[in-house]
Amino acid sequence: MIVRYGSETDIAALTVVELSAGTVFEGTHMAWAVGQTSAPEYFRAALAQKALWVADDGGMPVGFLRAERLAGSFYIDEMSVAVSHQRRGIGRRLMEVALAEAVQRGFGAASLITDRTIPWNAPLYAQFGFQVLSAEETPPALARRLAVQTNPARRCVMWCALDG
């Protein structure tokens, strides 16, 4: 398994990865995520910024991490791994590669929004040094992004200082 930059030809496969990854939310308060996929434009925007990393297993995309610049930080918009490839360290590897690239690009911090109550979400990101921000600590652009999320009361903004 390698992690590489994404390409236009990956987009259809990444939609399949999203559909698979979303199934882990069946039976939870995040069941709304089951069957949800990103519009191709979101992937293309990340491609244009070289901010889409793909976990490739023998030529088949099995995971991805999509990011953008937001609130002066390296904002991780989504990380998904196909259910068939979860619990193999693929998400960890995607995060390591993307955060290393963020440091190389001069970002001083990374951020993301995740569910605070699903047991595998926020704790995973905490392993990388992300910490939950209070409402007072949250930059306005991230607060606006949080406010439009489905069920924002269950979600949180997380921030990680990056060593460069």
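Quick note: structure is the one above.
This structure is a prediction, so every number in the text was calculated from the model and none was measured.

What counts and what doesn't
Residues numbered from 1 in each chain as written. Predicted model: local features only at pLDDT ≥ 70, side-chain atom pairs only at ≥ 80, totals over all residues. Heavy atoms only, no water. Helix = DSSP H or I, 4+ residues; strand = E, 2+ residues; numbered from the N terminus. Rg over C-alpha atoms; globule rule 2.2 N^0.38 Å. Buried < 20%, exposed > 50% of the residue type's maximum accessible area, 1.4 Å probe, protein only. Contact = heavy atoms within 4.5 Å. Pairing = 2+ DSSP bridges. Axes fitted to C-alpha atoms, helices over the stretch in contact; angles between N-to-C directions.

1. Some points on the overall build of the protein
If you tally the helices and strands in the protein, you get 5 helices and 7 strands. Along the protein, from the amino end to the carboxyl end, the secondary structure elements read β-α-α-β-β-β-α-β-α-β-α-β. Taking 15 Å as the expected radius of gyration for a compact globule of 164 residues, we find that the protein reaches 15 Å, a close match to that expectation. With the principal axes as the frame, the protein shows a C-alpha extent of 45 × 40 × 30 Å. Looking at the protein as a whole, 44% of its 164 residues are labelled buried. Contacts in the protein between residues at least 24 apart in sequence constitute 69% of all its contacts with a sequence separation of at least 6.

2. Observations concerning the sheet that holds strand β3 (residues 60–70)
The 7 strands are arranged β1-β2-β3-β4-β5-β7-β6 in an open sheet whose pairing can be described as mixed. With one partner strand each, in any of the chains shown, β1 (2–5) and β6 (131–132) form the two edges of the open sheet. Of the strand pairs in this sheet, strand β2 (residues 52–57) and β3 are connected by 6 bridges, and their pairing is antiparallel. The residue of β3 that forms the bridge with V54 is F64. Seen against the sheet, helix α1 (residues 11–22) touches β2, β3 and β4 (73–81) and runs at an angle of roughly 95° to β3. The strands touched by helix α3 (residues 90–104) within the sheet are β1, β2, β3, β4 and β5 (109–115), with β4 carrying the most contacts at an inclination of about 160°.

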